[in-house]
Amino acid sequence: MSLSPDQLDPHVWTESVARDYDRSSAAMYDPAVLDPTVRFLADQARGGRAAEFAIGTGRVALPLSAEGLDVAGIEFSQPMVDELRRKDGGANMDVVVGDMASATLPGEFALVYLVYNAITCLLSQAAQAQCVENAARHLQPGGALVMEVFVPPLQGVLPGEAYKPFHISDDHLGIDEFDTVNQLLVSHHYSFSDGSASRFDSPHRYVWPSELDLMAHYAGLTLAERWADWDRTPFTADSRSHVSVWRKP
């Protein structure tokens, strides 16, 4: 089996998906998840301007702005931006609709951040590297690039295996489809409600922490911190995700 970036549709963030995004991602709005995220990012911004790449519906940007930071963003999906605009504080937020690998926000920033695996929505190594370079261009000297990314879950995938369940509940079934040759996966989400079912396929290019370090190096950034989560749990070989900070000299 082989998945090609040309075969995968990156334009999955449609109006219907955007409308349901906050409900389907309700667990990410839990204060136990969101509060440490906002605290960590506010610490890294050091009172300066912040830019979110893949700002979405504003899950992180709006509470970060409520902390007193000037927050702007880039978002590929107009429907996601429309949802952001409907929320308190979202109507006047500076958001550019475009590709986070190349779109530009005016001015310089103390912080650029990508959360919830956003970098993996770019389906090639070249696009991911361009995104890191774009982030570096937005940073002022001493500024930080912060990413929250899952560690590729290949330890639990048997040789020759292509599918692995990642979530099973009464109303949701999640199955990842892997292509280890092209470093791609598609997360298949099956949701059940009121006797009906729906399916949402989310394509990703998984990326290793060391691979991101190399991209950051070529963009002129240096790794400053790496944690397993926003609470600064030490990153180990068993960590399922990482929160990494690279700084511009």
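Below you will find a few notes about this structure. Sequence order sets the numbering: in each chain, residues are counted from 1 along the sequence as written. Only residues with pLDDT of at least 70 get local features here, since the model is predicted, and only at 80 or more are side-chain atom pairs given and counted; chain-wide, interface and lining totals rely on the full set of residues. Neither water nor hydrogens contribute to the side-chain values; these are computed over all heavy atoms in the structure.

When its secondary structure is counted, the chain shows six helices and eleven strands. Radius of gyration here is computed from C-alpha atoms only, and the compact-globule reference equals 2.2 Å multiplied by the residue count raised to the power 0.38. Computed over C-alpha atoms, the radius of gyration of the chain comes to 18 Å, within 12% of the 18 Å expected from 2.2 N^0.38 for 249 residues, which places it in the range of a compact globule. Based on the C-alpha atoms only, the size of the chain along its principal axes is roughly 45 × 40 × 35 Å. Expressed as a percentage of its 249 residues, the buried residues of the chain come to 47%. Whether two residues are in contact is decided by their heavy atoms, any of which lying within 4.5 Å being enough. When contacts within the chain are restricted to residue pairs at least 6 apart in sequence, those whose partners lie at least 24 apart make up 60%. Summing over all exposed atoms, the chain offers an accessible surface of approximately 12100 Å²; the carbon and sulfur share of this is 52%. A run of H or I in DSSP becomes a helix once it reaches four residues, and a run of E becomes a strand once it reaches two; helices and strands are each numbered from the N terminus. We call a residue buried when its accessible area falls under 20% of the maximum for its residue type, exposed when it is over 50%, and partly exposed in between, using a 1.4 Å probe and counting protein chains only. Here the accessible surface of atoms and residues is derived via Shrake-Rupley with a 1.4 Å probe, and residues count as covered only by protein chains that are part of the display.

The next point concerns the sheet that holds strand β9 (residues 196–205). Following DSSP output, two strands are said to pair if at least two bridges run between them. Pairing within the open sheet is antiparallel, and its four strands lie in the order β6-β7-β8-β9. Each edge of the open sheet is held by one strand with a lone partner, namely β6 (163–168) and β9. Pairs of neighbouring strands in the sheet enclose a mean axial angle of 20°, with direction left out of account. By the bridge criterion, five bridges tie β6 to strand β7 (residues 172–179) in an arrangement that is antiparallel. Residue Y163 lies in a different strand from β7, and its bridge partner there is E177. The axes used here are C-alpha line fits, helices contributing only the stretch in contact, and every angle between their N-to-C directions lies in the interval 0 to 180 degrees.

So, on to the pairing of strand β11 (residues 241–247). Within β11, six of the seven residues are buried, leaving the element largely enclosed by the surrounding structure. In this structure, strand β5 (residues 139–150) lies alongside β11, joined through seven bridges in antiparallel fashion. Considered in β11, the bridge of L145 is made with W246. Across five bridges, the pairing between strand β10 (residues 222–227) and β11 is antiparallel. By the bridge assignment for β11, T222 is matched with R247.

Taken in spatial order, the seven strands make up an open sheet running β3-β2-β1-β4-β5-β11-β10, and their pairing is mixed. The sheet is open, and its two edges are formed by β3 (94–97) and β10, each paired on a single side. Averaged over all pairs of adjacent strands, the angle between their axes in this sheet comes to 20°, without regard to strand direction. Across the face of the sheet, helix α5 (residues 125–138) comes into contact with β1 (50–53), β2 (71–75), β4 (109–114) and β5 while running at roughly 145° to β5.

Another point: the pairing of β3. In this structure, β2 lies alongside β3, joined through four bridges in parallel fashion. Note on β3: the bridge partner recorded for G73 is V95. Between the parallel elements β2 and β3, the chain passes through helix α4 (residues 78–85) in a crossover that is right-handed. When the strands point away from the viewer and the connection leading from the first strand across the helix to the second strand turns clockwise, the crossover is called right-handed.

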